[in-house]
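Descriptive analysis of the structure
Take a look at the letters that make up each chain.
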Amino acid sequence: MIHISETATGKIAEMLQDIGADQYFLRLGVNDGGCNGLSYSIRFDDSLDEGDRAFVWGTFQVVMDPTSEPFLEGVHIDYKEAGMTGGFTIDNPNAKFTCGCGASFRTATYRGKAKKCD
């Protein structure tokens, strides 16, 4: 199970309201890539794929594909304001190594396929 802080929940709900589409949900995923081998994917989506796991969080749905789910187990998502900017942060108990920006990681048992960050 994942956890999304109250601040992040509010920000996600606000962003969903801004795009004005009730059919959209938050899709969380993990892909090969990034400087440490795996990278997070967080986006709004409106179509489900076979095997997706969906659950309600606050006023919106969260969807994960079955391949990403083990890498996201126990993840805590927050939203932090920093000066004139802000962004989502991910605290992943499965990550044994992370990059400086926090967007890429690897686990103790899977290194992924590292790619140079853009």
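These notes cover the structure that comes with them. Because the structure is a prediction, the values reported are computed rather than measured.

**Comments concerning the pairing of strand β4 (residues 53–57)**
The pairing of β4 with strand β5 (residues 60–64) spans 5 bridges and is classified as antiparallel. Bridge pairing in β5 places W57 opposite F60. Counted between consecutive antiparallel strands, the loop separating β4 from β5 contains 2 residues, among which G58 sits at a positive phi close to 65 degrees.

**Topic: the pattern of salt bridges**
Per the counting criterion, the structure on display carries 6 salt bridges. Among the salt bridges present, the one from E14 reaches K11, with a minimum N-O distance of 3.5 Å. Placement of both E14 and K11 in helix α1 (residues 6–19) is noted, with a separation of 3 residues, approximately one turn of the helix. Ionic pairing is found between R27 and D45, a salt bridge with its closest N-O pair at 2.7 Å. Taken together, the residues span a long stretch of sequence, with R27 in strand β2 (residues 25–32) and D45 in strand β3 (residues 38–45) at a distance of 18 residues. When its relative accessible area of 5% is taken as the criterion, R27 is described as buried.

Rules of the game
Counting of residues starts from 1 at the beginning of each chain's written sequence and follows it residue by residue. Per-residue local features of the predicted model are confined to residues with pLDDT of at least 70, and side-chain atom pairs are confined, for both listing and counting, to 80 or more; whole-chain, interface and lining totals are unaffected and use all residues. Note that the side-chain values use all heavy atoms of the structure and ignore hydrogens as well as water. One requirement defines pairing of two strands: DSSP has to find at least two bridges between them. Comment: elements are numbered from the N terminus, with helices defined as DSSP H or I runs of at least four residues and strands as E runs of at least two. Definition used for salt bridges: Asp or Glu carboxyl oxygen within 4 Å of a side-chain nitrogen of Lys or Arg. Remark: exposure states derive from per-residue accessible area (1.4 Å probe, protein chains only) relative to the maximum for the residue type, with buried under 20%, exposed over 50%, and partly exposed in between.

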